[in-house]
Amino acid sequence: MNKSLKDAWSKSFKIGAAISRKVLEIQENADIIRKHFSSITCGNAMKISCIHPKEDFYFWDEADFITSFAKREGLAMRGHTFVWHNQTSDWIFLDGNEEVSKTKLFKRLEDHIYSVTRRYNEFVYAWDVINEAIDVEKGDEYGFRLSKWYKIGGKEIYDFAFKTMREASPNAKLFYNDYNNERDAKLDTNVRYLSSLLDRGIPVDGIGIQGHWYYDYPDEKILRNALERYSALGIEIELTEVDVSVYHWVEANDRKDFFTSRPEDRIVKQEKVFLDIFTTACDYPAVKNITTWGIADKHTWLDHFPVAGRKNWPLLFDEQYNEKPVVEKLIEEGYKRILF
Ligand code: GLA
């Protein structure tokens, strides 16, 4: 079929994929991106541990490779990510063997932001400035995660990150990105946090809903509720890391539940979740991008997490890089909405 996801949904949102250099170097992946996607994200290459592994050394190669592909192919890019409790080099929190001072941590973050944005501003239209700073179970009284950023920098470090980003990257959209923020306490806390940023004039333009979901979750009601609540804040919404696991979270650590081959009954249910995501998001003009965390089932982080070595099939293309049947259905749904 010649029709593509990106064309089918072009009136509503960009269609994105997170990639690594290794994945991009596989011809089939590059071809799928050219045909179906209008946006890419570096899966790891722009994270602090990859791009800034030592205080005086930046490793630009992988992100350069991916950004030049984006430029050549006319793809939009999401930039991911600055302040996060994971995949952040230890040096940033240390001064010799001691914990770094608050002042120095702010300065390091500022320098890092300016260096990365100076190099990539021309490619990136939206940055995940803060990732996963909220932890409703173990966080502080406001719900902030007790990460090293928070313990050393205080919650002021997040305001500082957004303000610095606006100066360093004035044309880009600035996002707060999180997981599970489509429901329950995490949704409430995210809404409260964003309202507080907006009320205080801190520059934030959007919410990233990661969307690491399951073959039986979320349903349309949950999605609609979250999209309503975020839309009401007047900010943009992007689904930044969508994948639809064939395991439910509660099966995560139950090694007895391994599938040794693709569970077709769950792939059928997975289709429904993908269709609900696209068709529901389409009703909300605030949604600007739906990005999947990967391209084809051949390479997915869910083969290693939460159970190492357990194969998963969470993406839109199969292990042989063919379209899963859901792709054609999504294209049809997209075109229906363009025509009417
Ligand atoms: C999180 C992060 C991403 C990525 C995924 C899983 O959600 O935001 O950068 O690490 O987990 O790969």
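In this text the structure is predicted, and so the values were computed from the model without any measurement. (Residues numbered from 1 in each chain as written. Predicted model: local features only at pLDDT ≥ 70, side-chain atom pairs only at ≥ 80, totals over all residues. Heavy atoms only, no water.)

S.K.: Just checking my understanding: could you explain the site of the ligand for this structure?
M.R.: Neighbouring residues of the ligand: Lys47, His80, Trp84, Gln87, Asn131, Glu132, Gln210, His212, Glu241, Trp293 and Trp301. One nitrogen or oxygen atom from the side chain of glutamine 210 is found 2.7 Å from an oxygen atom belonging to the ligand. For the ligand, whose unbound accessible area comes to 300 Å², protein coverage reaches 89%. Here the shell around the ligand is composed, by residue class, of 3 nonpolar, 5 polar and 3 charged. Each of domain 1 (1-8 + 211-235 + 242-340) and domain 2 (38-210) gives at least three residues to the shell around the ligand. (Near = heavy atom within 4 Å. Polar contact = N/O pair within 3.5 Å; in protein donor to acceptor, adjacent residues only side chain to side chain. Areas by Shrake-Rupley, 256 points an atom, 1.4 Å probe, with all protein chains shown as cover. Nonpolar A, V, L, I, M, F, W, Y, C, P; charged D, E, K, R; others polar. Domains from an automatic or database assignment.)

S.K.: I would appreciate a short explanation of the packing of helix α9 (residues 184-199) against helix α10 (residues 220-232) in the present structure.
M.R.: When two helices pack together, their arrangement is given by the angle between the helix axes and by the axis-to-axis distance. The N-to-C vectors of α9 and α10 enclose an angle of 10°; their axes lie 10 Å apart at closest approach. It follows that α9 is roughly parallel to α10 by the angle criterion. Contacts between α9 and α10 involve Leu187, Asp188, Asn190, Val191 and Leu194 from the former and Asn225, Ala226, Arg229 and Tyr230 from the latter. A breakdown of the residues in the contact of α9 with α10 according to their chemical character gives 5 nonpolar, 2 polar and 2 charged. (Axes fitted to C-alpha atoms, helices over the stretch in contact; angles between N-to-C directions. Helix = DSSP H or I, 4+ residues; strand = E, 2+ residues; numbered from the N terminus. Parallel < 35°, antiparallel > 145°, perpendicular 65-115°, else oblique. Contact = heavy atoms within 4.5 Å.)

S.K.: Help me understand the domain arrangement of the protein in this model?
M.R.: Interfaces are often sized by the accessible area lost when the parts come together. Assigned domains within the protein: domain 1 (1-8 + 211-235 + 242-340) and domain 2 (38-210). Averaged C-alpha coordinates put domain 1 and domain 2 at centres separated by 25 Å. Contacts between the two partners involve 17 residues from domain 1, matched on the other side by 22 residues from domain 2. Summed over both partners, the interface of domain 1 with domain 2 buries about 1800 Å², with 62% contributed by carbon and sulfur atoms. Taken as a group, Arg229, Tyr230 and Ile235 account for 34% of the area that domain 1 buries against domain 2, more than any other trio of residues on that side. For the pair domain 1 and domain 2, the number of links is 1 salt bridge. Of the charged contacts, one joins aspartate 188 and arginine 229 as a salt bridge, the two residues approaching to 2.8 Å between their closest N and O atoms. Taken together, the connections running from domain 1 to domain 2 amount to 9 residue pairs in polar contact (both at pLDDT 80 or more). Broken down by secondary-structure element, the contributors of at least two residues to the side of domain 1 that touches domain 2 are β9 (212-214), α10 and β11 (287-292). (Buried area = accessible area lost by both parts, 1.4 Å probe. Salt bridge = Lys/Arg side-chain N within 4 Å of Asp/Glu carboxyl O.)

S.K.: I would appreciate a short explanation of the state of the cysteines in the present structure.
M.R.: Scanning all chains against the criterion turns up 0 disulfides. Here cysteine 42 is not cross-linked by a disulfide; its sulfur's nearest cysteine counterpart is in cysteine 50, at 9.4 Å. The exposure class assigned to cysteine 42 is buried, which follows from its relative accessible area of 0%. Its relative accessible area of 24% is what places cysteine 50 among the partly exposed residues. (Disulfide = S-S within 2.5 Å. Buried < 20%, exposed > 50% of the residue type's maximum accessible area, 1.4 Å probe, protein only.)

S.K.: Is there a simple way to think about the packing of aromatic side chains in this case?
M.R.: In total, this model carries 18 aromatic pairs according to the counting rule given. Geometrically, the ring pair formed by phenylalanine 37 and phenylalanine 317 is tilted, given 6.3 Å between the ring centres and 50° between the ring planes. Placement of phenylalanine 37 in the loop between α3 (27-36) and β2 (39-42) and of phenylalanine 317 in the loop between β11 and α12 (325-339) is noted, with a sequence separation of 280 residues between them. Residues phenylalanine 37 and phenylalanine 317 agree in their burial class; the two are buried. Ring geometry for tyrosine 247 and phenylalanine 259: centres 5.3 Å apart, planes at 25°, overall stacked. Separated by 12 residues along the polypeptide, tyrosine 247 in the loop between β10 (236-245) and α11 (264-281) and phenylalanine 259 in the loop between β10 and α11 bring together distant segments of the chain. Tyrosine 247 gets classed as buried once you look at its relative accessible area, which sits at 1%. Grouping aromatic residues by their ring pairs yields a cluster made of Tyr142, Phe144, Tyr150, Tyr158, Tyr176 and Tyr193. Its guanidinium or amino end placed over the ring of tyrosine 125, lysine 14 lies 4.4 Å from that ring's centre, counting from NZ or CZ. The ring of tyrosine 179 carries lysine 186 above its face, with NZ or CZ at 3.6 Å from the centroid. (Phe/Tyr/Trp six-rings, centres within 6.5 Å; stacked < 30°, edge-to-face > 60°. Lys NZ or Arg CZ within 6 Å of the ring centre and 35° of its normal.)

S.K.: Is there a simple way to explain the pattern of salt bridges in this structure?
M.R.: Pairing between side chains of opposite charge can happen when the charged atoms of each approach one another. Inspection of the entire model under this criterion finds 28 salt bridges. As a salt-bridge pair, arginine 119 and aspartate 64 come within 2.7 Å of each other at their nearest N and O atoms. You can see arginine 119 sitting in helix α6 (residues 102-120) and its partner aspartate 64 sitting in helix α5 (residues 61-73), a full 55 residues away along the chain. Of the residues examined, arginine 119 reaches a relative accessible area of 34% and is grouped as partly exposed. Look at aspartate 64 and you get partly exposed, because its relative accessible area is 23%. In this structure, the salt-bridge partner of aspartate 135 is arginine 145, at a minimum N-O distance of 3.8 Å. Of this pair, aspartate 135 sits in the loop between β6 (124-131) and α7 (148-153) while arginine 145 sits in the loop between β6 and α7, and the two are 10 residues apart along the sequence. What makes aspartate 135 buried here is its relative accessible area of 14%. One salt-bridge network, held together by shared partners, links Asp31, Arg34 and Glu73.

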